[in-house]
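A structural walkthrough
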Amino acid sequence: MSRTTPPRPEQVERLFPELAGFRGTATRLHPRPGTPSVRDGSVGGPLLWPADEPWPMCTERHRRRYGDRVADVRLRRRILAEAWSRAPEPGRQPGPTEEEGDVLRSLKRGRHAPWLQDTDPIPMLAVAQLFREDVPDLAGPADHDVLQVLWCPFDSHAGRHEPKVELRWRRSAEVGAVLEEQPEPEVVGAEGYVPERCVLHPEQVVEYQDLGLLPEDLRERIHSWEGDEDDIDESSVLYETDLSIAPGWKAGGFASWHATDPAPVVCDCGQAMDLLLTVASSEWNNGCRSWIPLEDRPIADTMDANIPTQVTVGRWGDMNVFICRTDPAHSHRLVFQG
Ligand SMILES: [Zn+2]
Ligand SMILES: [Zn+2]
């Protein structure tokens, strides 16, 4: 099933023609639980990884003994999904049975990998695989048709409170034998770093630059068009939430600066950086319901429908990955928006 973003509630360029100069496109990925193959775009793997190529490991110094077992995270999700999808029975509480509750309570965070020293190599987790032919807004080297994204699922890298992200560009035609068993760490620092295995439903949409990066006079006219702040309610159409930047996982387009002041993202080489990928903690919430795909509307309010990947980044926000415009081999940059 494809996914279709409904038309925006206002044609914003009719109201503000100069926004044409701040228009761009992004490809919403619409990840949904499924069983992708190594030849498919996916969130949560499996990756088209050459059998003879070493899997990326993290050796940065940080604690890696303590956290959630990856196996426990998956078991907990399976139990909860099953429990809440059961038809309610008269006389019984909805949700997990007592027996399931016992299992859930046993899945605790802890020192589950006591043998690991703070710099022992641990395998990184597959986060996403994107094929250029499916994702028209994918930045990066045009002669590579696959992007693979992995991360080390602990919040302590490069002196910052964030995971370590690894990008690999590949030519799919050059991959012969594929690695069959993909390594995984035993333990993750946070449950939200374990993506559910998802297939993608890429959809290209039009976006407009973040409000904070528009010229001041235009920004002010948009504000006065939106109306008095005291009169804004759920039915109000707002530039930031309805007309400018698509929520959820996406490739390309504009970054949303809803949590911090917008800042130009510049590479160490001095060149501007482009938004490669947005990893999002939810595809919709009450603030951006106009972006809910038509196909998802009937189930939009059922449990976890808006968090198909089960990934959480930052404080329930977005992780934006930027790459250098002139040389994608230069170090990428992460920007978190809570
Ligand atoms: Zn690490
Ligand atoms: Zn650069």
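Analysis parameters
- Numbering of residues starts from 1 in every chain and runs along the sequence as written.
- To label them, take the chains in the order written and letter them from A, then take the ligands in the order written and number them from 1.
- Confidence filtering applies because this is a predicted model: local features only for residues at pLDDT of at least 70, side-chain atom pairs given and counted only at 80 or more, and all residues used for totals across whole chains, interfaces and linings.
- With hydrogens and water set aside, each side-chain value is computed from the structure's full complement of heavy atoms.
- By the criteria applied, helices consist of DSSP H or I runs no shorter than four residues and strands consist of E runs no shorter than two, each listed in order from the N terminus.
- To estimate how far a helix should extend, the number of its residues minus one is multiplied by 1.5 Å.
- Each residue is placed in one exposure class: buried if its accessible area under a 1.4 Å probe, protein chains only, is under 20% of its type's maximum, exposed if it is over 50%, and partly exposed if it falls in between.
- Any pair of residues with heavy atoms lying within 4.5 Å of one another is described as a contacting pair.
- We place a 1 Å grid over just the protein atoms. Points where a 1.4 Å probe fits but has no way out form a cavity, open points with protein on both sides within 12 Å along at least 5 of 7 lines form a pocket, and any residue with an atom within 4 Å of a point lines it.
- Grid points are joined across faces, edges and corners, and a volume is the space filled by probe spheres set on the points.
- Domain segmentation is taken from an automatic or database assignment of domains.
- Note that water is not among the atoms considered, so a metal site may appear incomplete; the donors listed are N, O and S atoms within 2.8 Å of the metal, with 3.2 Å applied to Na, K and Ca.
- Square planar and octahedral assignments, for four and six donors respectively, both demand that opposite donors be over 155 degrees apart and that all other angles lie between 65 and 115; tetrahedral needs four donors with all angles between 85 and 135 degrees, and anything else is irregular.

Quick word on helix α2 (residues 70-85)
A turn of α-helix holds 3.6 residues, and therefore any two residues three or four places apart point the same way. Helix length check: α2, at 16 residues, gives a terminal C-alpha distance of 23 Å against a target of 22 Å (1.5 Å per residue), a fit within 8%. Taken residue by residue, α2 has Val 70, Asp 72, Val 73, Arg 76, Arg 77, Ile 79 and Ala 83 as its buried positions. Residues of α2 that are buried make contact with β5 (66-69), α3 (98-106) and β11 (187-188).

Structural notes on the layout of surface pockets
What the largest pocket holds in volume is close to 750 Å³. If you go around the largest pocket, you meet 30 residues; those closest to its centre are Pro 33, Arg 77, Glu 196, Pro 308 and Gln 310. Taken together, the elements giving at least two residues each to the lining of the largest pocket come down to β2 (32-33), α2 and β8 (125-131). At six residues, the largest contribution of residues to the lining of the largest pocket is made by α2. The residue makeup of the lining of the largest pocket includes at least three contributed by each of domain 1 (1-30 + 201-338) and domain 2 (36-190). For the second largest pocket, the lining is made up of 27 residues, of which Pro 247, Ser 256, His 258, Cys 288 and Asp 318 are closest to its centre. The biggest single contributor to the lining of the second largest pocket is helix α5 (residues 239-244), with three residues.

Considerations on the coordination of the zinc ion (ligand 2)
Protein-derived coordination of the zinc ion (ligand 2) comes from Cys 267 (SG), Cys 269 (SG), Cys 324 (SG) and His 330 (ND1), at a distance range of 2.0 to 2.3 Å. Coordination at the zinc ion (ligand 2) is tetrahedral: its four donor atoms span angles of 106 to 113° at the metal. By relative accessible area, Cys 267 is classed as buried at 7%. Taking the relative accessible area as the measure of exposure, Cys 269 reaches 40% and is therefore partly exposed.

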